[in-house]
Amino acid sequence: NAGVTQTPKFQVLKTGQSMTLQCAQDMNHEYMSWYRQDPGMGLRLIHYSVGAGITDQGEVPNGYNVSRSTTEDFPLRLLSAAPSQTSVYFCASSGTDEKLFFGSGTQLSVL
Amino acid sequence: GQQLNQSPQSMFIQEGEDVSMNCTSSSIFNTWLWYKQDPGEGPVLLIALYKAGELTSNGRLTAQFGITRKDSFLNISASIPSDVGIYFCAGQPRGGSNYKLTFGKGTLLTVNP
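The following refers to the structure shown. Numbering of residues begins from 1 in every chain and follows the order in which that chain's sequence is written. Lettering of chains starts at A and numbering of ligands starts at 1, both following the order in which they are written. Whole-chain, interface and lining totals are the exception, using all residues; otherwise, since this is a predicted model, local features are given only for residues with pLDDT of at least 70 and side-chain atom pairs are given and counted only at 80 or more. With hydrogens and water set aside, each side-chain value is computed from the structure's full complement of heavy atoms.

**Overview of the packing of aromatic side chains**
All names here are of chain A.
Thinking step 1. By convention, a stacked pair of Phe, Tyr or Trp rings (six-membered ring in the case of Trp) has centres within 6.5 Å and planes under 30 degrees apart, an edge-to-face pair has planes over 60 apart, and any other such pair is tilted. This model, assessed by the stated rule, comprises 9 aromatic pairs over all chains.
Thinking step 2. Centroid distance Tyr35 to Phe102: 5.9 Å. Interplanar angle 50°. Geometry classified as tilted. Within this pair, whereas Tyr35 is found in strand β4 (residues 31–38), its partner Phe102 is found in strand β10 (residues 101–102), the two being separated by 67 residues in sequence.
Thinking step 3. The buried label goes to any residue with under 20% of its type's maximum accessible area, the exposed label to any with over 50%, and the partly exposed label to all in between, with areas taken from a 1.4 Å probe on protein chains only. Phe102 gets classed as buried once you look at its relative accessible area, which sits at 12%. Secondary structure is summarised from DSSP: a helix means a run of H or I of at least four residues, a strand means a run of E of at least two, and numbering begins at the N terminus for each.

**What about the pairing of strand β9 (residues 85–93) of chain B?**
Residues and elements named next belong to chain B.
Thinking step 1. Where burial is concerned, most of β9 is hidden: 8 out of the 9 residues are buried.
Thinking step 2. Bridging between β9 and strand β11 (residues 107–112) involves 3 bridges; their strand directions are antiparallel. The residue bridging Gly85 from the neighbouring strand is Leu109, located in β11.
Thinking step 3. For two strands to be treated as a pair, DSSP must find no fewer than two bridges joining them. Relative to strand β10 (residues 102–103), β9 is paired through 2 bridges, and the arrangement is antiparallel. The partner of Gly91 across the bridge, within β10, is Thr102.

**What to know about the sheet that holds strand β8 (residues 76–78) of chain A**
All names here are of chain A.
Thinking step 1. Strand order in the open sheet formed by 4 strands is β1-β3-β8-β7, with antiparallel pairing between adjacent strands. At either end of the open sheet lies a strand with only one pairing partner, and these are β1 (4–7) and β7 (64–66). Shown here is a sheet whose adjacent strand axes are inclined to one another by a mean of 20°, direction ignored.
Thinking step 2. As paired strands, β1 and strand β3 (residues 19–25) are joined by 4 bridges and run antiparallel to one another. Paired with Thr5 across the two strands is Ala24, which belongs to β3. For helices, the fitted axis covers only the stretch in contact; all axes are lines through C-alpha atoms, and the angles between them, taken along N-to-C directions, range from 0 to 180 degrees.

**Notes on the sheet that holds strand β3 (residues 19–24) of chain B**
Residue and element names in this part refer to chain B.
Thinking step 1. Pairing within the open sheet is antiparallel, and its 5 strands lie in the order β1-β3-β8-β7-β6. Each edge of the open sheet carries a strand with a single partner, namely β1 (5–7) and β6 (55–58). With direction set aside, neighbouring strand axes in the sheet form an average angle of 15°.
Thinking step 2. Pairing of strand β7 (residues 61–65) with strand β8 (residues 71–76) involves 5 bridges; the strand directions are antiparallel. What sits directly across from Thr62, in β8, is Asn75.

**Regarding the environment of Tyr48(A)**
Thinking step 1. Along the chain, Tyr48(A) turns up in strand β5 (residues 42–51).
Thinking step 2. Along the chain, Tyr48(A) and Lys99(A) lie 51 residues apart, while their C-alpha atoms are 15 Å from each other.
Thinking step 3. With residues near it in sequence (within four places) discarded, Tyr48(A) still touches Tyr31(A), Met32(A), Ser33(A), Ile54(A), Thr55(A), Asp56(A), Gln57(A), Gly58(A), Phe74(A) and Lys100(B). Residue contacts are defined here by distance: any two heavy atoms, one from each residue, within 4.5 Å place the two residues in contact.

**Let's talk about the pattern of salt bridges**
Thinking step 1. The term salt bridge refers to a pairing of a side-chain nitrogen on Lys or Arg with a carboxyl oxygen on Asp or Glu at a separation within 4 Å. Inspection of the entire model under this criterion finds 4 salt bridges over all chains.
Thinking step 2. Taking the shortest distance from any N to any O, the salt bridge between Arg44(A) and Asp38(A) comes out at 2.8 Å. Like Asp38(A), Arg44(A) is buried.
Thinking step 3. Across the pair Lys36(B) and Asp38(B) runs a salt bridge, and its minimum N-O distance is 3.0 Å.
Thinking step 4. Assessed through its relative accessible area of 13%, Lys36(B) is described here as buried.
Thinking step 5. Overlapping salt bridges bring together Arg36(A), Asp38(A) and Arg44(A) as one network.

Now the structure itself:
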């Protein structure tokens, strides 16, 4: 049972490049979400999904797109990376209660 | 949106000392959770609290759900070097979604052997 798996672990992009951060969970959780972590800012919610085919915006959605075609996968897309998107990104999932399970994170640098 | 005030922002202690940290809000929360993040890893759930006044322990960790439902406390007894990390409080506001948690900004704990 792997839990929440994120790839890649590290990524460096140039301004304007696009990329997709992958997230998969094997716990059959309906709820999945993406957070970014910046120094002194804590964890801020980017987008979330309450089930396949359903997504919604969180606190800081600008510059990011998501889709949820399956229960297991919830990729986060950066269409045109900007230096302000340099951050550590965490995917999380939960079942029927409030207990979030987090992946190990993706450290993204945009030059 | 809802905000949680977590304090202190950082702590530097000697091994063996006890640690206390807390989170407060201007709004009522239905659920409080405490997470720990080790360097280079994602947060891991330590304790979940569901009732006002509830006191729950997990080894050397004890957390309490405040009576007013607007605060929560985490205590670590007899700290050891592996307690180093960032501790986050998180909560589900009253009337909020079961899944959308609000997070504090974290307490960075350093333990000197």
